[in-house]
Amino acid sequence: MNNYPIVEMDHVSFKYEKETVVQDVSLTIDQGQFLGLVGPNGSGKSTLIKLMLGLEKQTKGKIRLFGQPIKQFKDWKEIGFVSQKANSFNSGFPATVLEVVKAGLVSKIGTFKFFNKKHKEKALSALKTVGMEAYAHSNIGDLSGGQQQRVFIARALVSDPSLLILDEPTVGVDSKHVTEFYNLLGRLNKEEGITLLMVTHDIGTITDHATHVICMNKTVHFHGASEEYDEFNEQDLNRLYGHSVQQLTHNHDHHEVYHND
Amino acid sequence: MIESFFQYEFLQNAAITGILIGLIAPLLGVFIVVRRLSLIADALSHITLTGIAASLLLEKRVTAVQDWNPVYMGMVFSVAGAILIERLRKLYKHYEELAIPIILSGGIGLGVILISLADGFNTDLFSYLFGSVTAVDRASMWTVLSITVAVIVIVILFYKELFVLSFDEEHAATSGVNARWIHLLFIVMVALVIASSMQVVGILLVSALMTLPVAAALRLSKSFKQTIGLSIAFGETSVLVGLFSSYHLSVPPGGTIVMTAILLLIMTILYKKMSQQLWIKGEAS
Ligand SMILES: Nc1ncnc2c1ncn2[C@@H]1O[C@H](COP(=O)(O)OP(=O)(O)OP(=O)(O)O)[C@@H](O)[C@H]1O
Ligand SMILES: [Mg+2]
């Protein structure tokens with residue numbers, strides 16, 4: 001085990017054009033954590049992830065990945081990422097599901113080397129993990145939104161990353177597969193020791209599964225163990241979301257944040 | 001044409017160059033079309049014309065450049081235009097396609113000025129616009145051959161990276177792909193392929209050879225590899241049938257090549273329609 005944190009953000013701020021979107025965020029993610037990232041729409045969750053991955057450059061502060069400054073970081077095969085916009089690819093793109101998942105191995109294979117049979121088998125087994133192996137030779141654009149989402153999860157998993165970052169990965173996935181998906185994340189986290197960071201609006205479910213929770217709105221309002229988050233009471237949530245919020249309890253013990261303007 | 005092929009060097013040059021561009025134009029065309037950048041080919045072909053015009057003008061005014069082949073000046077302009085497009089695309093991050101009309105109109109504007117300074121259109125220029133079976137000399141055939149070899153080697157070496165970049169730029173970045181470098185390499189290849197193809201298909205129709213075979217292939221294929229294979233097959237068919245009929249009908253090959261490509265496209269669309277209908281009937285019975 002390494003002794004450095006997987007992700008380290010030190011007083012990080014960021015603005016698009018003029019408006020500050022992420023303000024003075026300091027946090028660390030340690031190996032083996034399953035971290036849920038929650039916050040209202042537009043609170044900067046996706047932006048925070050883009051900063052972490054070097055897709056946007058912070059205006060202030062320092063970011064380290066696996067102990068290395070983000071600019072020097074090269075070991076991309078250690079990171080699997082499913083973007084919130086994963087589904088917004090050109091839906092007429094002529095590629096099979098298998099070709100898309102194999103693309104997840106690019107970081108692992110390296111420049112001047114080619115895809116081979118082993119890579120194909122790896123991709124097929126990643127598809128099996130998400131229950132999509134039957135669609136390996138289908139065109140990616142012909143799948144439903146939820147099926148595509150599962151393919152992108154397979155693409156993120158295929159390089160055996162040690163950090164998996166998922167930005168609202170269960171949007172459009174039906175409840176049966178959401179349950180399966182959380183079970184899969186639990187397995188990856190506990191059995192394979194993969195560190196997980198997941199953005200979601202499903203606060204009830206994430207606190208049941210994650211070990212830690214971050215609640216943000218531009219800045220971090222809460223960062224701690226999930227159990228403590230349950231005590232982060234209604235008042236705090238109201239303040240954070242800027243208007244009245246009710247915790248709704250569904251019949252299967254499933255909470256959701258409900259906005260009430 | 002078969003006998004004349006062994007008799008006349010110009011026919012050999014045209015046919016071999018044709019076969020080479022029938023391969024590389026659709027090959028790069030696949031990556032261009034799936035990234036929705038089809039117009040880049042048009043922009044670069046027009047800037048190639050500017051280079052040709054510049055060369056023709058120099059030929060008239062400066063005796064030292066009497067026997068330059070204008071194709072090389074075309075290549076220089078095309079590559080410069082390609083680099084400029086990449087720069088502009090970065091400047092207008094949210095309006096990437098703006099780079100294309102800027103280069104396209106700039107190319108034509110400058111081209112028109114140079115052409116009239118060189119005393120207007122002549123037959124040479126006509127063959128650059130619509131292609132010619134007689135214009136390709138041995139030296140430029142060899143140039144096209146070297147470009148073909150380079151393009152094939154680069155596409156094979158960077159196939160993974162080109163695929164990832166075409167499908168999902170964000171994923172490419174988090175896979176450690178150096179997008180800037182690969183984009184530049186790619187667009188320079190496109191510029192060279194356009195300048196090469198121009199001699200046979202003509203400037204106005206180069207982009208058709210890059211996009212029409214791909215449009216037909218897209219109708220039929222499921223995978224990316226299959227799209228590449230079919231695009232090349234359609235490209236080669238268009239060039240061979242087009243050159244043959246051009247020679248026999250004495251019309252510029254640009255016209256016959258493009259019309260063959262369009263015919264193939266129509267055939268694939270009809271084929272797809274028919275096979276779908278048969279499939280629905282089969283389901284119903
Ligand atoms: N590319 C961009 N250019 C300019 N502003 C942006 C851009 N992307 C996001 N923003 C702004 O930054 C803010 C934070 O956006 P972000 O996508 O990080 O929010 P989020 O927490 O992920 O929201 P959601 O829950 O809706 O996904 C928003 O106000 C948004 O308008
Ligand atoms: Mg978001």
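Let me sum up the structure you'll find in this document. (Residues numbered from 1 in each chain as written. Chains lettered and ligands numbered in written order. Predicted model: local features only at pLDDT ≥ 70, side-chain atom pairs only at ≥ 80, totals over all residues. Heavy atoms only, no water.)

Regarding the environment of Q23(A)
Residues and elements named next belong to chain A.
For step 1, the next point in the chain: Relative to the assigned elements, Q23 resides in strand β2 (residues 19-29).
For step 2, the next point in the chain: Counting along the chain gives 196 residues from Q23 to T219, while the straight-line C-alpha distance between them is 5.2 Å.
For step 3, the next point in the chain: Not counting chain neighbours up to four residues away, the residues in contact with Q23 comprise V12, S13, K218 and T219. (Helix = DSSP H or I, 4+ residues; strand = E, 2+ residues; numbered from the N terminus. Contact = heavy atoms within 4.5 Å.)

Digging into the site of ligand 1
All names here are of chain A.
For step 1, the next point in the chain: Around ligand 1 sit 13 residues in total, of which G42, K45, S46, T47 and Q84 are the nearest.
For step 2, the next point in the chain: Note that an oxygen atom of ligand 1 is positioned 2.5 Å from one of the side-chain N or O atoms of T47.
For step 3, the next point in the chain: Here an oxygen atom of ligand 1 and a side-chain polar atom of E168 are 3.4 Å apart.
For step 4, the next point in the chain: Relative to its unbound accessible area of 630 Å², ligand 1 is 65% covered by the protein chains.
For step 5, the next point in the chain: Counted by class, the shell around ligand 1 contains 3 nonpolar, 8 polar and 2 charged residues. (Near = heavy atom within 4 Å. Polar contact = N/O pair within 3.5 Å; in protein donor to acceptor, adjacent residues only side chain to side chain. Areas by Shrake-Rupley, 256 points an atom, 1.4 Å probe, with all protein chains shown as cover. Nonpolar A, V, L, I, M, F, W, Y, C, P; charged D, E, K, R; others polar.)

Here we look at a negative patch on the surface
Residues and elements named next belong to chain A.
For step 1, the next point in the chain: Taken together, the side chains of D208, E227, E228 and D230 present a region of like negative charge at the surface.
For step 2, the next point in the chain: Per-element accounting of the negative patch gives the leading share, 3 residues, to helix α8 (residues 226-231).
For step 3, the next point in the chain: Tracing the chain through its elements places E227 in helix α8.
For step 4, the next point in the chain: Accessibility expressed as a relative area gives 54% for E227, which makes it exposed. (Patch = residues over 30% accessible without salt bridge, like charges linked within 9 Å, V, L, I, M, F, W, Y side chains within 5 Å. Salt bridge = Lys/Arg side-chain N within 4 Å of Asp/Glu carboxyl O. Lys, Arg positive; Asp, Glu negative; His and termini not counted. Charge placed at Lys NZ, Arg CZ, Asp CG, Glu CD. Buried < 20%, exposed > 50% of the residue type's maximum accessible area, 1.4 Å probe, protein only.)

Comments concerning the coordination of the magnesium ion (ligand 2)
For step 1, the next point in the chain: Taken together, S46(A) (OG) and Q84(A) (OE1) make up the full set of protein donors to the magnesium ion (ligand 2), lying 1.9 to 2.1 Å away. Here S46(A), found in helix α1 (residues 45-52), pairs with Q84(A), found in the loop between β6 (79-82) and α2 (97-103); they are 38 residues apart in sequence, far enough to count as distant. (Donors = N, O, S within 2.8 Å, 3.2 Å for Na, K, Ca; no water.)

Regarding the interface of chain B and chain A
For step 1, the next point in the chain: Opposite the 26 residues of chain B that make contact, chain A presents 30 residues.
For step 2, the next point in the chain: At the boundary of chain B with chain A, total buried surface from both sides reaches about 2600 Å², with 67% on carbon and sulfur atoms.
For step 3, the next point in the chain: Applying the counting rule to chain B against chain A returns 1 salt bridge.
For step 4, the next point in the chain: Here D168(B) and R155(A) are joined by a salt bridge, their closest N and O atoms 3.0 Å apart.
For step 5, the next point in the chain: At the surface where chain B touches chain A, the tally comes to 11 residue pairs in polar contact (both at pLDDT 80 or more).
For step 6, the next point in the chain: Within the residue set of the side of chain B that touches chain A, elements represented by two or more residues are α7 (138-157), α8 (159-167), α9 (169-173) and α12 (224-249) of chain B.
For step 7, the next point in the chain: For the side of chain B that touches chain A, the element with the most residues is α8(B), which contributes 7 residues. (Buried area = accessible area lost by both parts, 1.4 Å probe.)

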